[in-house]
Every structure is written in C-alpha cells, then in structure tokens.
Amino acid sequence: PTKAELHTPEITSSHVKGMAQYFGAELVGILRLDPNRAPSPLPSPRSRGRGKGEGEETYPFAIICAVRADYDPREAPGIGGQVPVQNDLFITFVLTAWIRELGFRSTAAPHPDAEKLAAAAGLGRLNAEGRLVTEKLGTNVHVANVIRTDLPLAPDG
C-alpha cells in the first residue's frame, strides 16, 4: 500500500489515541521500543522460521491500550472475566487494520511484559506484585495486546 501523508508525529499520536478511545480503550499510551531488543516474543507469520536479521520485522513504536476489568481475566475464566479480553481484541484488531490502511506496518500480539510497557508508556505504575495501577482505574485494568508499528508517532514514556 502507498503510505498516506501524515501530520506531525504529535498529531498522528493524537489521532491514534482518539481512535483507540472511540473503540473502547480507557487508557492509551505510546512508547518508543528499544531497537536492540527483540521486537516481541511472538514472531509475525512472515518472519517465523527465520533467524534474527533474516526478515525479522522491527517496529520503532508500541501502542499500549488498557480497558476496565472488574475481574482479573487471569483468575476469572467465565464470560464476566473475559469481557475485557474480548474488548481488547476488538480494539487492537481495528486499530492495527486502520494503521495498515494508512500504508504502515502494524501487528498486535500478547506480550509477557505488557504491564511493564504500559507503566513505561505513562499509563500508571507497577505495584509490589508487578501489577499495573492506574490513577483512573486503580488495579481494575486489563492491558490489551501490544500494537507494534512503524507509523511515526510521538512517545509518551
């Protein structure tokens, strides 16, 4: 796809955050990823089976979305506990598709350090148990799949 002409990274970041909130994200943060660190523990389908440097995609930015979670999805397997997970899948799928429509690479996947990334993006802080605590939602928060992209953005953290 042909890359769309964009405004400044600050304005583009504002648009990304607005879209995420429109789709249901309570909190949204943008983080610049360390280029020396592996982009994700889950390789993209195009890079599976290849070694680092052989087509592995790198992304300079991560978009972190969080939704309200009345129950911890890790401890509540029923529908009530899984609603935040369903909401996050919808948000990250549509946001990732929109970024691709703009002509930029984007992928969403679970990340084992999602809460640490959320804290680094300024969404809150980590408590003694390593859980994210936000000003708006307290500990009733679920961090969505991490969206990695090469869309030029202005990081928060």
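A. Inspection of the packing of aromatic side chains at higher detail. Here the structure, examined in full by the defined rule, presents 2 aromatic pairs. When the centroid spacing of 5.4 Å and the interplanar angle of 70° are considered together, the rings of Y22 and F23 count as edge-to-face. The exposure class of Y22 is exposed, given its relative accessible area of 67%. Taking 5.8 Å as the distance between ring centres and 85° as the angle between the ring planes, the aromatic pair formed by F23 and F90 counts as edge-to-face. Taken together, the positions of F23 in the loop between α1 (9-22) and β1 (27-32) and F90 in helix α2 (residues 79-101) put the pair 67 residues apart, joining distant regions of the chain. Three or more aromatic residues link up through ring pairs in this structure, and these residues are Y22, F23 and F90. Across the ring face of Y59, the terminal group of R105 is positioned such that the distance to the ring centre comes to 4.7 Å.

The rules behind the values
Residues numbered from 1 in each chain as written. Predicted model: local features only at pLDDT ≥ 70, side-chain atom pairs only at ≥ 80, totals over all residues. Heavy atoms only, no water. Phe/Tyr/Trp six-rings, centres within 6.5 Å; stacked < 30°, edge-to-face > 60°. Buried < 20%, exposed > 50% of the residue type's maximum accessible area, 1.4 Å probe, protein only. Helix = DSSP H or I, 4+ residues; strand = E, 2+ residues; numbered from the N terminus. Lys NZ or Arg CZ within 6 Å of the ring centre and 35° of its normal.

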